[in-house]
Amino acid sequence: MEIPYIEALLKEWNMYLDILQDKPILKEIHLGGGTPTFFDPKHLKYLLDTIKKTCEIPEDVSYSFEGHPNNTTTDHLQTLRQLGFDRVSYGIQDYSPKVQIAIHRFQSFETVKRITEKSRLLGYTSVSHDLIYGLPLQTLQDVISTIEKTIEIMPDRIAFYSYAHVPWTKGNGQRGYDEKDLPSPDLKRQQYEMGKKMLEEKGYIEIGMDHFALSEDGLTKAFQNQNLHRNFMGYTTTKTEKMIGLGVSAISDSWFGFSQNHKNLKDYYTSLSKNELPVSRGHILNKTDLIIRRKILNLMCHFVSDLDGLDISDQLEIKSDLAEFKTDDLINIEDDMIQVKTTGKAFIRNICMAFDLRLKAKQTESQLFSMTI
C-alpha cells in the first residue's frame, strides 16, 4: 500500500514540475495529518529525497511534520531529523479516558511524554501539542487536567482548538455521540478561558487564533516582529504565495486561487492514471476576494486591519456586522482601522466572518461548517 501511494505522490509532483517549468525554490515542507508516521521511515526518505532533488533549497528552508504519538518511532524521528526536519506536532486532543473513547482517539500521557522527550533529545527545536476543547463528554475538569499534564511537558507550541461538530458532513468520523453529549456554549467558553489562563500563567503567549507559544519560540518572535503568516497548515514564519498540496484531499494555494484534491483514494489514483491533476474542486479569487483575503490575514496574524480598497457598499456592510463587536468593547474602529482588543481575541473567528462577504451570502443556503465559541 505504501509504495503505490508514494509513487502516486511523486507522479503528482512531477506534473506540477511540468507546469512550473522553472526549478522551484523549496521554502517549506510540511507533512500533515499524522500520516507520515504510518509510513515506513525508508519510504519517507525515498519520497523526500526524490522531491528535494528537483528543487533549489535555500538555507532558511523549514521542515515540519505531524506525528501520531502512538505510531511515531525513534526510527521515524531519526530519519526525518537527518533529512532536515526540526519541528514536529503531535495531536493530543484530551487525556480523559471517556473523552478519548467518545472521539476514538487513544494515547496515554506517558506515551506523549516519552515521544516528546525523544524528539527533543534527537534535536527537534520546536515540539507542538494540539489540544481541543468543547469535545463530547468533556468537562471543565477534563480540560484543566489535560492542560496540567501538558504544562508538565512544556511543549514549545500549543494549538488550543475549538471542537467543530459537523455531523452532516459525510465521512468525518464524528460518530458515537450527538449534540446532547457536547458541552453547552457557556461550559465551552469556560473551558477556553480556563485553558488560556493556565497557559498564560506558565509563560505561553497567545499567537493569533488558537495558538500559544513560549517566548523564545520562532512563532512568538514572528508575531512580535509582525512577520507572522497563516496558510492552510496554520501559522508559520515562512511567507509564500504558492503552496502545493500532494495527496488525497490535499489543498493547494496559488494566492489567486485554491484547489482541493479528490478525497477518495480511488478517484485520486484514477485521475493520475489519466495523467490529470487529481483536483476535485477549486476557486479563482476575484479582485474583491484578494483584498478581503489580505484583511482577514491581517486580523488573524496581527489583530488589526482596515477597509482600504473595498467598495463603499462592502465597507458599510462590514461595518454594520462589526457594530455589535464594537458595542461589546471587543474591537475599536477608528478612521476605518479595526483593532481587536484583548477581550476580543477569543472572538477573532467571528470578527473575521464579518469580512467574509461570500460566507454571508451563502449562509442562507447551507449550514456553516464549524461553530465558533
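Above this text sits the structure in question.
What you see is a predicted model, and the numbers here were worked out from it, not measured in a lab.

Peer 1: Mind showing me how you'd approach the overall build of the protein chain here?
Peer 2: From N to C terminus, the protein chain includes 13 helices and 15 strands. In terms of C-alpha radius of gyration, the protein chain reaches 21 Å, essentially the compact-globule figure of 21 Å for 373 residues. Projected onto its principal axes, the C-alpha coordinates of the protein chain cover approximately 55 × 50 × 40 Å. A buried classification covers 49% of the 373 residues belonging to the protein chain. When the accessible surface of the protein chain is totalled, it reaches about 18,800 Å², and 52% of it is carbon and sulfur. Charge-centre separation for the protein chain: the mean point of 45 positive side chains lies 3 Å from the mean point of 52 negative side chains.

Peer 1: What should I look at first to understand the sheet that holds strand β10 (residues 251-253) in this one?
Peer 2: Strand pairing in a sheet relies on backbone hydrogen bonds, with the paired strands running either antiparallel or parallel. In spatial order, the strands read β10-β11-β12; together these three strands make up an open sheet with antiparallel pairing. In this open sheet, the two edge strands, each paired with only one partner strand, are β10 and β12 (279-284). Across the sheet, the mean angle from the axis of one strand to that of its neighbour is 15°, orientation sign disregarded. Direction of pairing for strand β11 (residues 257-261) relative to β12: antiparallel, over a ladder of five bridges. Note that in β12 the partner of Ser259 across the bridge is Gly282.

Peer 1: Mind showing me how you'd approach the pattern of salt bridges here?
Peer 2: Pairing is possible between side chains of opposite charge, provided their charged atoms come close. Counted by the stated rule, this structure contains 17 salt bridges. Note that Glu152 is salt-bridged to Lys113, the shortest N-O span being 3.5 Å. Pair noted here: Glu152 is in helix α6 (residues 140-153) and Lys113 is in helix α5 (residues 109-121), with a separation of 39 residues, a long-range link. Lys196 is paired through a salt bridge with Glu200; the nearest N and O atoms lie 3.1 Å apart. Note that Lys196 and Glu200 are positioned in helix α7 (residues 185-201) at a spacing of four residues, about one turn of the helix.

Procedures and definitions
Residues numbered from 1 in each chain as written. Predicted model: local features only at pLDDT ≥ 70, side-chain atom pairs only at ≥ 80, totals over all residues. Heavy atoms only, no water. Helix = DSSP H or I, 4+ residues; strand = E, 2+ residues; numbered from the N terminus. Rg over C-alpha atoms; globule rule 2.2 N^0.38 Å. Buried < 20%, exposed > 50% of the residue type's maximum accessible area, 1.4 Å probe, protein only. Areas by Shrake-Rupley, 256 points an atom, 1.4 Å probe, with all protein chains shown as cover. Lys, Arg positive; Asp, Glu negative; His and termini not counted. Charge placed at Lys NZ, Arg CZ, Asp CG, Glu CD. Pairing = 2+ DSSP bridges. Axes fitted to C-alpha atoms, helices over the stretch in contact; angles between N-to-C directions. Salt bridge = Lys/Arg side-chain N within 4 Å of Asp/Glu carboxyl O.

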